[in-house]
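So you can see what is in the structure, the chains are spelled out below.
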Amino acid sequence: MCRTKRIENGIVIDHVSPGKGLELYNLLKLNHTDCPTIIIKNVDSRKMGKKDMIKICDIEHINLDIIGYFSSDITVNIIQNQKISKIRNIDLPEYIKNVLYCKNINCITSVEPEIDHIFKLVNRKNKKYACVYCDNIE
Ligand SMILES: [Zn+2]
């Protein structure tokens, strides 16, 4: 059962920067799930002024690496039988897979289309990632 107001089981991604909800939805590849999903745009937020939210019913796992990479302000609410557990301050991940794409034409990822694009965090302060194959920084 999925109603728009209160989710019994699922995940609510809260405190997304206003206007960024759809971008995060695409990064998380939520279009590949059959779970009922609601994207809420530009709602009032005490903390942020305005914010976006994504509510996904009947989903158990979400890629926290992508969320941590996207924004450290995001709160993930995991809801099981209406009980909510919150995950806050999600760190930048050490590695991200298939989020950034290497633009170096000599990189193996340019030659082998099937290979995963993996980037390693090289500078946490400036949020810089380098391709693990060729060290190209994106
Ligand atoms: Zn590369």
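Residues numbered from 1 in each chain as written. Predicted model: local features only at pLDDT ≥ 70, side-chain atom pairs only at ≥ 80, totals over all residues.

### Comments concerning the overall build of the protein
Our working rule: Starting at the N terminus, helices and strands are each numbered in turn, a helix being any DSSP run of H or I of at least four residues and a strand any DSSP run of E of at least two. Here a residue counts as buried when 20 or more other C-beta atoms fall within 10 Å of its C-beta, as exposed when 12 or fewer do, and as partly exposed in between; the C-beta atoms come from the backbone.
Broken down by element type, the protein carries three helices and eight strands. Listing the helices and strands of the protein from first to last along the sequence gives β-α-β-β-α-β-β-β-α-β-β. Judged by the C-alpha coordinates and their principal axes, the protein covers about 50 × 30 × 25 Å. The buried share of the protein, taken over its 138 residues, is 17%.

### Let's talk about the sheet that holds strand 6 (residues 95–97)
Stated formally: Strands are labelled as partners when DSSP assigns at least two bridges between them. Axis angles are defined between N-to-C directions and span 0 to 180 degrees, where every axis is a line fitted to C-alpha atoms and, for a helix, only to the segment in contact.
The strand order across the open sheet built from three strands is 6-7-8, with neighbouring strands paired in antiparallel fashion. Edge positions in the sheet fall to strand 6 and strand 8 (128–131), since each has one partner strand and no second. In this sheet, neighbouring strand axes are inclined to one another by 35° on average, regardless of whether the strands run parallel or antiparallel. One ladder, built from four bridges, connects strand 7 (residues 118–123) with strand 8; its direction is antiparallel. When the sheet's bridge partners are listed, Lys120 is paired in strand 8 with Ala130.

### Looking at the environment of His61
For His61, the location among the structural elements is in the loop between strand 3 (49–57) and helix 2 (64–70). Under the C-beta neighbour-count criterion, His61 is labelled exposed, with 7 such atoms within 10 Å. Linking His61 and Asn126, residues 65 residues apart in sequence, is a C-alpha distance of 28 Å.

### Points about the domain arrangement of the protein
This is how the line gets drawn: Boundaries of every domain are those given by an automatic assignment or by a domain database.
When its domains are assigned, the protein resolves into domain 1 (10–87) and domain 2 (95–131). Distance between the C-alpha centres of domain 1 and domain 2: 25 Å.

### Some details on the nonpolar core
Spelled out, the test is: To count as a nonpolar core, a set of buried Ala, Val, Leu, Ile, Met, Phe, Trp, Tyr and Cys residues must be joined through C-beta atoms within 7 Å. Whether two residues are in contact is decided by their C-beta atoms, placed from the backbone, lying within 7 Å.
Residues Ile11, Ile13, Val16, Leu24, Leu28, Ile54, Ile56, Ile59, Ile67, Tyr69, Phe70 and Ile74 constitute the largest nonpolar core, which totals twelve residues. Of all the elements in the fold, those that place two or more residues in this core are strand 1 (10–16), strand 3 and helix 2. Setting aside residues up to four positions removed in sequence, Ile13 forms contacts with Leu24, Met53, Ile54, Ile67, Ile74 and Val76.

### Let's talk about the sheet that holds strand 4 (residues 75–80)
Pairing is antiparallel across the open sheet formed by five strands, whose spatial order is 2-3-1-4-5. If you trace the sheet from one side to the other, it starts and ends with strand 2 (37–45) and strand 5 (83–87), each paired once. Within this sheet the neighbouring strands show an average axis-to-axis angle of 20°, counted without direction. Two elements, strand 1 and strand 3, share five bridges in a ladder whose sense is antiparallel. Bridge pairing links Ile13 to Ile54 in strand 3.

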